[in-house]
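The lines below spell out each chain.
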Amino acid sequence: MTIEYLKTLRESEDKIEFKEAKHNFPFAGSDKKDQAERRKCYLGYIVAFANEGGGALVFGMTDHIPHEVVGSDFANGKTGALQDEVYKRLGIRIKLNELYEGDKRILVSIIPSRPVGKLMKYEGVALMRTGESLRNMSDEEMFSILSEQEPDFSALDCLGLTLNDLDSQAILTMKTSYANKQNNKAFLSLTNKQILSDLRLLKNGKLNNAALLLLGKEAIINEMLPQAKIIWEYRDKENQIYHDTRFVIADPIFLAIDKLWNYINQPLINKKHPIQQGAYIFDVYDFNKEVIREAILNAVAHRDYRITSEVVIKQFPTKILITNPGGFPKGVTVDNILTVSSTPRCRIITEVLEKCGLVERSGQGVDKIFSITLAEGKEAPSYRESDLFQVLLSIPTKIRDKAFHILVNSYMYSSKEPILGVEHLLALYQIKTENKEDIREDIIKTLHEAGMIESIDGKITMADTYQKILLEMNPLGDDLISNQVGGQVGGQVGGQVGGQITEARKKVLDLIIQDPHISRNQLADKLKIAPSAIQKQIEYLRRKEYIRREGKTNAGYWIILKTK
């Protein structure tokens, strides 16, 4: 973009707005008392442009053709901070260009379009431009946007794509996967044309975008849809700017997924961790194949192919980040992603992947990602860094709690009832980390029935079975204080082996004997562990009738019932 080019543009036709903004253009609300006037600020224009499908806001040029250059000092020397602040306040990633005519500076802000079916607001108001000003969007305009439906990109005809442009190995992989999943060996004998038609990849003699993405030859994908590439990078440290290894994959999805897994699953960067307790022996890897494949295929099926950016996978020793262009599908948010049924942007791609057994049924893939990761004793995956324009999934690798892994998997691979789903595992994880907000009563009841949790003095805690596993894995007990899970578990080894109280609990009991008025926080200070961990020890000592509490909370004291 050049100054000469900008001088030719018309505000009403080219999605652009020119402002002189020589000095002191308001960033977040002007000093006017009238709300409509207050919103005539930088953030207000960003929101209005996003609602109108995106555009450019130019500071330092007059609004009449040929747009004389007058120069602007807006955010001079602070463009990086400006981008960060806009994203922080609005969740919009703008691009900034600085141009110069002599010593006169021009700032061009490139604003992306809002997602389909979603409104952008500033100070709680949806804005649009009218002439040189801003106005509130009408009810009819807002309803029209909220009623928008995203078209199935994968169902659109891919003009110029022929059967000869499809990869024979990808087709064979699809046929074999479908035959195995559906237990239908006769499917292998069908012609390619018939198979493509049956799977809705070929209609009225025309192949669609799903056929290109799932089966197209690498050269054809590069030519017709270059943004369909997937980029994989490995960094040995999280704070590295430059990658250690990088590959760009433009293969069809049926081939790309195995190639990507081979990169991720290299022995030196996907380490195996044996877990053993009694007869239980299980190997847990940093990166679980089912989880990673599901996450990558979800990114491929849910991304917005109208955006000229690729799916990017960044792998570290401690986590893997998978980013796909386009925000969540309509109706999906970070908070409801595990409970709402979503419609993928590329429905035909999703249908084919489901029928071939490569992904779970629509809406269940995220459940699988969370369930397996939590059951491995790792922290929960996170979508928290996602925004309106991209989805970022972070999957941790570190096994934080082997006892939790053994407890959950021993139960789930048995024939015990009731069966536990992802909502139960999430609730159990919350209880373990003492984050018990908003857990439904029916979930609590099921976990009680499964023997996973118990109530002590009205407080929900992990069952004694969990405490025993912790102790059996580390007989010293108090050594586990330094191996806290999410900052919460420290010192909560449990159970009683051979009738002997653990060393960790004996320390708590000894301090209570010395000072019956000692508080939980004082105990935590003396033993250098979290108050929540002390509470676990106290709950056990009360349940096993070592101590009893008398009196009100502030003036209460401990009565010692036994010492051995």
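To keep things clear, this report deals only with the structure shown in the data block. Small disclaimer: the values here were computed from a predicted structure and weren't measured.

**A word on the nonpolar core**
If you look at the biggest cluster of nonpolar residues, it comprises 103 residues, and the most contacted ones within it are M174, L201, L214, L215 and F254. For L215, the residues in contact, after removing those within four places along its chain, are L166, D167, A170, I171, M174, L196, L201, A210, P252 and F254. C41, Y42, A50 and L127 belong to the second largest nonpolar core, which has 29 residues in total.

**Quick notes on the pattern of salt bridges**
Under the counting rule described, the total for this entry stands at 32 salt bridges. In this structure, E233 engages R235 in a salt bridge whose closest nitrogen and oxygen atoms are separated by 2.7 Å. Residue classification places E233 among the buried residues on the basis of a relative accessible area of 8%. Here R235 falls in the buried class, since its relative accessible area comes to 7%.

**So, the sheet that holds strand β7 (residues 133-136)**
Overall, antiparallel pairing links the three strands, which are arranged β5-β6-β7 in an open sheet. Each of the sheet's edge strands pairs with one partner strand only, and the pair in question is β5 (121-122) and β7.

**Remarks on the pairing of strand β16 (residues 390-396)**
Of all the seven residues making up β16, seven are buried; the element is thus mostly covered by neighbouring parts of the structure. Here β16 shows no split at all, with Q390, L392, S394 and P396 on one side and V391, L393 and I395 on the other all buried. Bridge count between strand β15 (residues 319-325) and β16: seven bridges; the pairing is antiparallel. Following the sheet pairing, K319 is matched in β16 by P396.

**What to know about helix α14 (residues 402-412)**
Judged by how many residues are buried, α14 sits mostly within the fold: eight of eleven residues are covered. By the burial criterion, the buried members of α14 are A403, F404, H405, I406, L407, V408, N409 and Y411. Put simply, D401 is the residue that caps the front of α14, since its side-chain oxygen is 3.2 Å from the backbone nitrogen of A403.

Definitions and limits used
Residues numbered from 1 in each chain as written. Predicted model: local features only at pLDDT ≥ 70, side-chain atom pairs only at ≥ 80, totals over all residues. Heavy atoms only, no water. Core = buried A, V, L, I, M, F, W, Y, C linked by side-chain atoms within 4.5 Å. Buried < 20%, exposed > 50% of the residue type's maximum accessible area, 1.4 Å probe, protein only. Contact = heavy atoms within 4.5 Å. Salt bridge = Lys/Arg side-chain N within 4 Å of Asp/Glu carboxyl O. Pairing = 2+ DSSP bridges. Helix = DSSP H or I, 4+ residues; strand = E, 2+ residues; numbered from the N terminus. Polar contact = N/O pair within 3.5 Å; in protein donor to acceptor, adjacent residues only side chain to side chain.

As far as function goes, none of this settles anything; it's purely spatial.
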